[in-house]
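# Summary of structural features
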Amino acid sequence: MKDFLNAIAYLFEDILLVPLDTLRELELENWFAANTLNWVFMAITFVAFVYWMKQLKEFDRKGDDRKDVTAHRILGKNAEL
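Read on for a plain summary of the structure. Quantities reported herein were computed from a predicted structural model and do not represent experimental measurements.

### Quick word on the overall build of the protein
When its secondary structure is counted, the protein shows 4 helices and 0 strands. The linear arrangement of helices and strands in the protein, starting from the amino end, is α-α-α-α. Within the span of the protein, comprising 81 residues, buried residues form 2% of the whole. If you sum the accessible surface of the protein, you get close to 7,900 Å²; carbon and sulfur atoms cover 65% of it.

### Regarding the packing of aromatic side chains
All chains considered together, the criterion is met by 4 aromatic pairs. On the numbers, 6.1 Å between centres and 85° between planes, the contact of Trp31 with Trp39 is edge-to-face. Connected via pairs of aromatic rings, a cluster forms that spans Trp31, Phe32 and Trp39.

### So, the packing of helix α1 (residues 2–16) against helix α2 (residues 18–26)
Closest axis-to-axis distance for the α1/α2 pair is 6 Å, and the angle between their directions is 50°. By the angle class used here, α1 and α2 are oblique. Taking contact as the criterion, the partners of Glu13, Asp14, Ile15 and Leu16 in α1 are, on α2, Val18, Pro19 and Asp21. Class assignment for the residues of the contact of α1 with α2 results in 4 nonpolar, no polar and 3 charged.

### Here we look at the pattern of salt bridges
Applying the stated criterion to the full structure yields 2 salt bridges. A salt bridge links Arg24 to Asp21; its shortest N-O distance comes to 3.6 Å. Of the two residues, Arg24 and Asp21 are both situated in helix α2; the distance of 3 residues between them amounts to about one turn of the helix. When the shortest N-O distance is used, the salt bridge between Glu58 and Arg61 registers 2.4 Å. You can see Glu58 and its partner Arg61 sitting in helix α4 (residues 36–62), 3 residues apart, about one turn around the helix.

Parameters and conventions
Residues numbered from 1 in each chain as written. Predicted model: local features only at pLDDT ≥ 70, side-chain atom pairs only at ≥ 80, totals over all residues. Heavy atoms only, no water. Helix = DSSP H or I, 4+ residues; strand = E, 2+ residues; numbered from the N terminus. Buried < 20%, exposed > 50% of the residue type's maximum accessible area, 1.4 Å probe, protein only. Areas by Shrake-Rupley, 256 points an atom, 1.4 Å probe, with all protein chains shown as cover. Phe/Tyr/Trp six-rings, centres within 6.5 Å; stacked < 30°, edge-to-face > 60°. Axes fitted to C-alpha atoms, helices over the stretch in contact; angles between N-to-C directions. Parallel < 35°, antiparallel > 145°, perpendicular 65-115°, else oblique. Contact = heavy atoms within 4.5 Å. Nonpolar A, V, L, I, M, F, W, Y, C, P; charged D, E, K, R; others polar. Salt bridge = Lys/Arg side-chain N within 4 Å of Asp/Glu carboxyl O.

Everything listed is a geometric property; what it means functionally is a separate question.
As structure tokens, then:
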């Protein structure tokens, strides 16, 4: 069992996390380059947020969604639980 756990530790420490170790070492030289992964995630999140807001505006403009309280069965007056 100890060999199995050591193999998992080796996999993560010496193989899978090597790119992150490289970024950690790069931080001493160039902070912006070391945080490229963060910048990419922030850009993806920003694009997704803008797309989501655009879709909400489009649905609101069409006016085809129900906004009254009884739009959902669980919120209606005669809802059966």
